[in-house]
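Spelled out, the chains give:
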Amino acid sequence: MTVRDVHAIDGKLPAPDARFDVVVVGAGSAGTAAAIAAAEDGASVLLIDENPVPGALIGSDAPYFYGGRMTAALQQPARMLEQVFTSNPALETAFAAGVDVRLGTCAWGLYVNGPALRALPEPMLGLADAEAATMVGFGRLLLATGARDLVLGFAGWNQPGVMGAQGFAALLTRYDALASRRIVILGSGALALETALLALARGIAVAALVEVADVVQGPAALAAQVAAAGVPILLGHTVAATLGGIDGVEGVTLTRPPSPAQAGAQSGNGDWDALRSLTETSVTGPRPAPGKDNELEIPCDTIVLALGLAPATELLDAAGTRPSETISLIGDAATVNRPDPAYLQAWATALGQHAPPDTIVCQCEEVTRTDLLGVQPPRYLDRPQAMAARSLASLLNDGPAHPDQIKRLTRAGMGACQGRRCRDQVACLLAEQQGVPLATVPIASFRAPVRPVPLGILADWQESTAMTAGWDVWFGIPTQWTPYAMIGTAEEAEHVAGLGGNMHV
Amino acid sequence: MSRDWAATCMSEADLPKGAAVVVIGAGVTGLSAAWWLARDGFDVVVLDKGIVGWEASGRNGGGASHYQSPLFAEEQRLWPQMDDLLGYPTEYQRERIIIQRDPDLLDHYRAVGRMCSAMGYRVDDLDSQQAQDMVPLTDQSCLGGIHLRFGGHANPQRTVQAYAWALQDLGERILQHCPALSIETAGGKVVAVDTPRGRIACDALVVAAGPQSGMLLAPLGVEFPLASARAEMIVTEPAPLMRIGGVDGNGLYGRQTLRGNLAFGGGPHEWIDMDEAGPKARPTSPLIRNLARRVAEMFPKAAHLNVIRSWAGVIENTPDGRPILDRLDHPANVTVATMSGVGFGLSPASGHAVRDLVIDGACSFADITKLGLARFKNLEPDWREQRGWAA
């Protein structure tokens, strides 16, 4: 006879609330097209998209780095819903094709059985909207989750007006709720160049592109279009400081890295004087910083980080799984590549060289660069004398550190954005401190829920009776809690029978 | 983490040739034992397959209130001193509150409270109003609770690192990414531990390798019965700090961190297979929805807070759920330690006990003989199946 542990999870996780032949996450162009195609093939199709993302979440930079440059329109859910429809005409076609389209619905967790989780009745996806969470099953799951902003910090980046290229594009095109008027773009790859052209097409001034390397990174044709619009691409430059006021960014101060070779970029031969004569022709363009021969100041209300993107694979990462016969990445999530690690590291190093010690790395938990390099505990804890001798360098003497270990000690990456804004900075710092290539450093883990979901919404309010009946605080092993003195006495059996489980204090 | 990654960063030259005591396992039990040994001047090397506190020691509720343990008094004596003794912050906070919204569970915990009071540790009953006053995140759905005027909680991850650093400050070594591959014996004693980086000779061995302990000991002819299971926790964004953060109940264990996050676990576990390399994955499951429900019920005024993360840990259990703390007869210089899933809070005391077993052959501050391995000598081979604990 098979004995069951009534306190084990086996048989207690319920089947999904609904099932579809095909579930598509992300109603961008790839996701919407795939949903329509599947529906036209006769499949039952669910297409979800987290947009419009609630204003509060946008404020905490999920899923993109929106950087606080949104207009008040974002706080009007009905208008945002309409805007999301307007910006994606294919959604009408999807409706007409019989796709179950759910906007304002995020996918927060993917669950598939594996070596350490075998209790699922079938693979399923956790969804949540503003009202409730549900679990859906799928024959095929298409993750058209796009790409997230890859973020590096610098002096003054933690104020309104510093954002990522994806956040910029989303606020501009999907929501029509971007407050920026005049931007500076960091990077010169295709993403940066396309961001510049998008901004120009929408009547937003682009003061300059800034590139730490001494060559433009993106396609020449795109660069030529940007140049033709009169936008300077400042090569061999990095951010020295951010000018800010009550509304956030008011300008940026650029400098040349003290040693481009050391910073990892190709050795620069940019003609500084020629550049200055070029740029000084415009009153609103780059101008020499007062009293600083080697610095330029550019007035702007927004700095857009366009150094690269990372495919948004958080659902797979958190599930510890990969694409399979039933689960596919499509669209940008499948095709976007992270930038060359050496390029990213060159930027991180150059930005870091000008970042004051109190520059924030993790915005959620307010961890400074100095505290991170010192592996210091958060400010609400005392820092005993012995902590002064501890640092990232001393920690690395013990062997390679994992970003999750840095997270545990400093809290960098422990906040609501799950390190979307700091994970790549932490990885770059770890690589730099250890003198190893960035590509060898593990990236901090993602965990479900990969979007913040309120307790009351995530909650399973229709819990199965088996779950309720078998619930114990810990393992439900009564003998575990027998007071030691009672073990082996006549009282022991009585105690075990009388108190049972739920004894964990 | 890949071996390549480890190899990139490790210096191979400084592997110690030997130590008075080798401790296998840089979890909280092994590190505390090593620290206690080092405090007495013994030369110690700690080996770990990964990073300090990477398994259950860094993935638990942080509680420190274990009335059932013979180490309880020593645990209570030591915790208030641990920050000073280790020299690094543990976030230890005194006292606990358990609240309930189910009358049967309230009665149950009132009985637990009376039992603790009878042992000389004060527990006050709280009525609904008192509980609401002390736990501002709850509401009138809380029927009452108990207030433990002892115990408390600490930050597991910070505490594990504090042990590690304190050990290093005493001049001792922790070798991360350096698993024990085999244990070498001669003349009825352990003489060395083999690792991928070389052989480390020792006069005594402590095995505190969690789920891997049984696999390491089996070749020595030592049957060390363990079953491993996965358990889950969730954490929210910060809530306003409560005066006592060690609040749990409603089927949950956990704490409010000093940052304000509500971190709670509980409910069903999953028995899993285990090999020498450790868990292949540590996923969470849709169980986090049942956890979220219970946290929202326990703290209705926090139900709007976002859940921002979940995690799972893998825990080993002995057949009776009680620790095994023992110095073996054969090989005679081996001390074995598992806390059977309740090890974090007891770690200041368990390390002391292990130190005593290694050096003196017996615990100096408590009778722990009922935690010996001998109690399992007639264990049936299918003990896991008999309990429904087979993976």
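Structure first, text after, so check above.
Scope of this entry: the structure provided in the associated data block. (Residues numbered from 1 in each chain as written. Chains lettered and ligands numbered in written order. Predicted model: local features only at pLDDT ≥ 70, side-chain atom pairs only at ≥ 80, totals over all residues. Heavy atoms only, no water.)

## Quick word on the interface of chain B and chain A
Think of interface size as the accessible area that goes away when the parts come together; that is how it is often given.
So, step 1. Each side of the interface is counted separately: chain B has 104 residues, and chain A has 92 residues.
So, step 2. Around 8700 Å² of area is buried between chain B and chain A when both sides are counted, 60% of it from carbon and sulfur atoms.
So, step 3. Taken together, the links from chain B to chain A amount to five salt bridges.
So, step 4. Taking the shortest distance from any N to any O, the salt bridge between A:E463 and B:R294 comes out at 2.6 Å.
So, step 5. Put simply, chain B and chain A have 51 residue pairs in polar contact (both at pLDDT 80 or more) between them. (Contact = heavy atoms within 4.5 Å. Buried area = accessible area lost by both parts, 1.4 Å probe. Salt bridge = Lys/Arg side-chain N within 4 Å of Asp/Glu carboxyl O. Polar contact = N/O pair within 3.5 Å; in protein donor to acceptor, adjacent residues only side chain to side chain.)

## Some thoughts on the packing of aromatic side chains
So, step 1. A full pass over the atoms with the stated rule returns 18 aromatic pairs over all chains.
So, step 2. Geometrically, the ring pair formed by A:W474 and A:F475 is edge-to-face, given 4.9 Å between the ring centres and 85° between the ring planes.
So, step 3. When the centroid spacing of 5.3 Å and the interplanar angle of 85° are considered together, the rings of A:W474 and B:Y253 count as edge-to-face. Of this pair, A:W474 sits in the loop between helix 17 (465–469) and helix 18 (491–499) while B:Y253 sits in strand 12 (residues 253–256), which puts the two residues in different chains. B:Y253 matches A:W474 in its accessibility class, with the two residues each being buried.
So, step 4. Among the aromatic residues, those joined into a ring-pair cluster are A:W474, A:F475, B:Y253, B:W271, B:W383 and B:W389.
So, step 5. A cation over an aromatic ring shows up here: B:R294 above the ring of A:W471, its NZ or CZ 3.5 Å from the ring centre. (Phe/Tyr/Trp six-rings, centres within 6.5 Å; stacked < 30°, edge-to-face > 60°. Helix = DSSP H or I, 4+ residues; strand = E, 2+ residues; numbered from the N terminus. Buried < 20%, exposed > 50% of the residue type's maximum accessible area, 1.4 Å probe, protein only. Lys NZ or Arg CZ within 6 Å of the ring centre and 35° of its normal.)

## Details of the sheet that holds strand 10 (residues 205–210) of chain A
Residue and element names in this part refer to chain A.
So, step 1. The strand order 8-16-9-10-11 describes an open sheet built from five strands, whose pairing is parallel. The open sheet terminates on both sides in strands that have one partner only, identified here as strand 8 (162–164) and strand 11 (233–234).
So, step 2. The strands that helix 5 (residues 165–174) touches are strand 8, strand 9 (182–186) and strand 16 (302–305); relative to strand 8, the one it contacts most, it runs at about 90°. (Pairing = 2+ DSSP bridges. Axes fitted to C-alpha atoms, helices over the stretch in contact; angles between N-to-C directions.)

## Considering helix 1 (residues 29–40) of chain A
Residues and elements named next belong to chain A.
So, step 1. An ideal rise of 1.5 Å per residue puts 16 Å on twelve residues; helix 1 measures up with 16 Å between its terminal C-alpha atoms.
So, step 2. In this structure, the buried side of helix 1 is in contact with strand 1 (18–25), strand 2 (45–49), helix 4 (90–96) and strand 6 (133–143).
So, step 3. One or two residues past the end of helix 1 sits G42, with phi positive at roughly 95°. (Expected span 1.5 Å × (residues − 1).)

## Description of the sheet that holds strand 5 (residues 144–153) of chain B
Residues and elements named next belong to chain B.
So, step 1. What the four strands build is an open sheet, ordered 4-5-3-11; its pairing is mixed. On the outer flanks of this sheet lie strand 4 (123–127) and strand 11 (247–249), each paired with one strand and no other. Pairs of neighbouring strands in the sheet enclose a mean axial angle of 30°, with direction left out of account.
So, step 2. In this structure, strand 3 (residues 93–100) lies alongside strand 11, joined through three bridges in parallel fashion. Bridge assignment links I97 to a residue of strand 11, and that residue is V247.
So, step 3. Relative to strand 5, helix 5 (residues 103–118) is tilted by about 45°, and along the sheet it contacts strand 3, strand 4 and strand 5.

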